[in-house]
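Below are the chains, spelled out letter by letter.
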Amino acid sequence: MRLLEIACGLGGLFLLPIIYPILLLLNSKGSFLSVAPRTGRFFLGLIRGRARPSTHSTHSTYSGGTQLETLPEDVQVGRNRTNALTNSSRIAKAAKVRNFLTVDVECWFHAYNIGDKIPRNTWHLQETQILQTMDRLLLMLQAHETKATFFVLGWVADHFPEVVRMIATEGHEIGTHGYHHELITRMTPQEFETDLLRSLEAINRNTSQEVLGHRASNFTVVKDTLWALEILAKNGIRYDSSIFPIARKRYGIPTYPYRYPHTLRMPDGRALIELPLSTTKLGSKLLPVAGGGYFRLYPYNITEAYIEKTNQRGLPAMVYLHPWELDVDQARFFLGPAKTFQHYVNLESTERKLDRLLEHFSFGSIKQGLPPVRDLIRESVVSLSEIYDDADAVLPNLRWMRGRRSKDALEEAELSALVD
C-alpha cells in the first residue's frame, strides 16, 4: 500500500488528465472506493456539488488568547500548546540545518486555477477565511518557536491590513508577492515595476519592516521574464525566490544551472540572491517537492525523506504554502479535471503535515537562513546575461539599466549588504 501511495503521488502530476476519467468510472462502480475511500468520496462529492471534506473545529483568539486548535488526529497547536518543545528537542533542532519556511499570503480566489471563476473586479465580494487561517498558522509557528517569511500580496495588505500587522507582531519576515497576483508572463516590464511598487507601498503602510524579498505569482520568472530580476534589484529587493528549475507549461526554467541559494549578477553589476524552489531528482528528471500542491499531493514520507537527504548535504530545503491551503471550508468549484485536483487535493492534510515537519526539522525565515549559507552564496555566482537566450532582442527597453560588466565573485561588502 505504501508503494502504491508513493507511485500515485508521483505519477498523479503527469498522468492525471488520463487517469481521472478512469478513476471516476471506477468510483461510480464502487471499486475505487474500496482502494482509496477518502479520495473516491472527495471526487464523487465534487461531481455532486458537495465536495467538502470533514471539517475540524477551530477555536482561536489571536490577541493573547489561550484556546487550542482541535485538529485531525489529535494534533494540538496553540500559544499554550501542551506538548511544547522540550529542552532536548530544542537542542536537537538547533543542531540541524535550518530550512526555509515561506508562506505566499493570498486568498483562495487569487489562485491561478480559480481565475476563470472569480474575476478580479469581484474579489472584494468574496468570502474568505484568511484572518482565521493566518491566526491558526501563526499559533502553530509560535508553538514550534519557528519564524517564517511571508510573501504578502499587496491586494491583501490593502484589504486585510490586520494580516500584515499580525505577521509583524509575531516577529516574522515580510516579503512581497506582487500586488494583483498577475503572471509576469502577462506583463510588460513597466507593468511589472508598477505592480511591484504598488505592493511595496501597500505593505509599508502597515509595517515599518524593510521588505527585502520577492516571490513571483505562480513562479513566473521564466526564460522570457528574466528582466523582472533586474527590476527587482533596481528597486532595492535583495533576494528573490521565484525560479523553479523544472519544466512546466506555466512556469519553470528546466535548463536553469543551479538548484540551491546563489547569487545572480545583473548585467549592470548589481547583485541579487536567488533561492530556487525545491526539487528532487528522479533519474534524469527534476521533480518539484516540499511546497503547495506538491506538499499536499505527495505522501508525507516523501517530503520528509527529501528534506533529510538535503540537510545531510548541509543544504536547506525551501518549503512553501498558502493560507488557503489550511481552509477546508473554502468555496468549491469544478474547474476541470486537472485544475480541480491541483487546487483541492488533500487540503485537509496541510495542517497535519506542516505540524509534523515543524516538529521534526529546523525551520526559519529566509532572512534567518541566509547567513548560515553565506559562503555558498558568495562562491556560487551566476551571470544573468548567460541565462538570457537573446537579451538584446527580448529587452531593448531595459538597456538603460545596464552598464558595467558582470564580475565573477561577490565582494565581501556586497555579500554583507545582501545577507546581513
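Structure: above.
Given the structure is predicted, the values throughout are model-derived calculations rather than measurements. (Residues numbered from 1 in each chain as written. Predicted model: local features only at pLDDT ≥ 70, side-chain atom pairs only at ≥ 80, totals over all residues. Heavy atoms only, no water.)

Engineer: Mind showing me how you'd approach the packing of aromatic side chains here?
Structural biologist: We describe a pair of aromatic rings using the distance from one ring centre to the other and the angle between the two ring planes. Applying the stated criterion across every chain, the model contains 13 aromatic pairs. Here Tyr294 and Tyr298 contribute two aromatic rings whose centre-to-centre distance is 6.4 Å and whose plane-to-plane angle is 45°, an arrangement assigned as tilted. Both residues of the pair, Tyr294 and Tyr298, belong to the buried class. Following the ring pairs from residue to residue traces out a cluster consisting of Trp108, Phe109, Trp123, Trp155, Phe160 and Phe333. The ring of Phe361 has Lys96 sitting right over it, with the charged end atom 6.0 Å from the ring centre. The ring centre of Tyr300 lies 3.9 Å from the NZ or CZ of Arg356, which sits over that ring. (Phe/Tyr/Trp six-rings, centres within 6.5 Å; stacked < 30°, edge-to-face > 60°. Buried < 20%, exposed > 50% of the residue type's maximum accessible area, 1.4 Å probe, protein only. Lys NZ or Arg CZ within 6 Å of the ring centre and 35° of its normal.)

Engineer: For this particular structure, what's the right way to read the pairing of strand β11 (residues 285–288)?
Structural biologist: Looking along a regular strand, one sees side chains alternate from face to face of the sheet. Bridge count for strand β10 (residues 279–282) against β11 is four bridges, and the pairing is antiparallel. Paired with Thr280 across the strands is Leu287, a residue of β11. (Pairing = 2+ DSSP bridges. Helix = DSSP H or I, 4+ residues; strand = E, 2+ residues; numbered from the N terminus.)

Engineer: I tried to follow the packing of helix α5 (residues 130–143) against helix α13 (residues 350–360) on my own but got confused; where do I start?
Structural biologist: Any two packed helices are characterised by the angle at which their axes cross and by the distance between the axes. For the pair α5 and α13, the least separation of the axes is 10 Å and the interaxial angle reads 20°. The angle between α5 and α13 falls in the class roughly parallel. By crossing handedness, the relation of α5 to α13 is classed as right-handed. Listed contacts from α13 to Arg136, Leu137, Met140 and Leu141 of α5 are Glu351, Leu354, Asp355 and Leu358. A class-by-class count of the residues in the contact of α5 with α13 yields five nonpolar, no polar and three charged. (Axes fitted to C-alpha atoms, helices over the stretch in contact; angles between N-to-C directions. Parallel < 35°, antiparallel > 145°, perpendicular 65-115°, else oblique. Left-handed = near helix turned anticlockwise from the far one by under 90°. Contact = heavy atoms within 4.5 Å. Nonpolar A, V, L, I, M, F, W, Y, C, P; charged D, E, K, R; others polar.)

Engineer: So what exactly am I meant to see when it comes to the packing of helix α11 (residues 300–312) against α13 here?
Structural biologist: Direction vectors running N to C along α11 and α13 enclose 30°, while the axes themselves pass 11 Å from each other. Classified by the interaxial angle, the pair formed by α11 and α13 is roughly parallel. In this structure, α11 crosses over α13, and the sense of that crossing is right-handed. Note on element contacts: α13 touches α11 through Lys353, Arg356, Leu357 and His360, opposite Tyr300, Asn301, Thr303, Glu304, Ile307 and Glu308. Of the residues assigned to the contact of α11 with α13, the class counts are three nonpolar, three polar and four charged.

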